[in-house]
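# Per-entry structural report
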Amino acid sequence: MSKLVTGPWTAQEMGRAASIWQDTVADVHGDDPPGHVVQAAYKRIGIALNRGWSSVQSRYRAEGPGFGINARVRTAAPGAAELQRAARERAAASQSLIGRIMGDPPPGYSVLDKRSGAARVLP
């Protein structure tokens, strides 16, 4: 017997596992399958992916029947977004207390300021 695969799951593995789960469990037994069907599905997926059934079970419990195929990966914001956020924070710091209480946009961020292309100058 060959050595079992360990480590992070690839997108191809997640897709294959989700497909096998859909075909053998969800389409046949619905949302509440019997325990023996679930265990057999873990083993079938493990054999297909050359992974241990406990690895498949852990992945299913963590990610659900999609096995993480549609999970979004959180990444840092691009550099331009970080610069925009910092500029907005600087503008908010120069905003008056009354403007913050009344919900006014920070200087340079109102519709009129954006139309004219110039930042509002405070007296």
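Heads up: the structure comes first, above all this text.
Read on for an overview of the structure. (Residues numbered from 1 in each chain as written. Predicted model: local features only at pLDDT ≥ 70, side-chain atom pairs only at ≥ 80, totals over all residues. Heavy atoms only, no water.)

Relative orientation of the contacting elements helix 2 (residues 35-49) and helix 3 (residues 53-63) amounts to 115°, with a least axis distance of 8 Å. The pairing of helix 2 with helix 3 is recorded here as roughly perpendicular in orientation. Judged by the sense of rotation from one axis to the other, the crossing of helix 2 with helix 3 is right-handed. Of the residues in helix 3, those touching helix 2 at Gln39, Tyr42, Lys43, Ile45 and Gly46 are Trp53, Val56, Gln57 and Tyr60. (Axes fitted to C-alpha atoms, helices over the stretch in contact; angles between N-to-C directions. Helix = DSSP H or I, 4+ residues; strand = E, 2+ residues; numbered from the N terminus. Parallel < 35°, antiparallel > 145°, perpendicular 65-115°, else oblique. Left-handed = near helix turned anticlockwise from the far one by under 90°. Contact = heavy atoms within 4.5 Å.)

Here the focus is the side chain of Ser110. Among the structural elements, Ser110 can be located in the loop between helix 5 (97-102) and helix 6 (111-116). Polar side-chain contacts of Ser110 include one of 3.1 Å to the backbone nitrogen of Asp113. (Polar contact = N/O pair within 3.5 Å; in protein donor to acceptor, adjacent residues only side chain to side chain.)

Per the counting criterion, the structure on display carries six aromatic pairs. Ring centres of Trp21 and Tyr42 lie 6.0 Å apart, and the angle between their planes is 25°; this geometry places the pair in the stacked category. With a gap of 21 residues between them, Trp21 in helix 1 (residues 11-29) and Tyr42 in helix 2 connect regions that are remote in the sequence. In this pair, the class of Trp21 matches that of Tyr42, namely buried. (Phe/Tyr/Trp six-rings, centres within 6.5 Å; stacked < 30°, edge-to-face > 60°. Buried < 20%, exposed > 50% of the residue type's maximum accessible area, 1.4 Å probe, protein only.)

This next bit is on the pattern of salt bridges. Applying the stated rule across the entire model yields two salt bridges. Glu13 is paired through a salt bridge with Arg51; the nearest N and O atoms lie 3.1 Å apart. Note that Glu13 is positioned in helix 1 and Arg51 in the loop between helix 2 and helix 3, a separation of 38 residues in sequence. You'll find Glu13 and Arg51 in the same group, each marked buried. (Salt bridge = Lys/Arg side-chain N within 4 Å of Asp/Glu carboxyl O.)

Ranked by size, the top nonpolar core spans 15 residues in total, and within it Trp9, Ala17, Trp21, Ile45, Val56 and Phe67 carry the most contacts. Where this core is concerned, the elements lending two or more residues are helix 1 and helix 2. Setting aside anything within four residues of it in sequence, one finds Ala17 in contact with Trp9, Ile45, Leu49 and Phe67. (Core = buried A, V, L, I, M, F, W, Y, C linked by side-chain atoms within 4.5 Å.)

Another point: the environment of Glu63. Position of Glu63 relative to the elements: it lies in helix 3. Overall, the relative accessible area of 39% leaves Glu63 in the partly exposed class. Expressed as a C-alpha distance, the spacing of Glu63 and Met14, which sit 49 residues apart in the sequence, is 10.0 Å.

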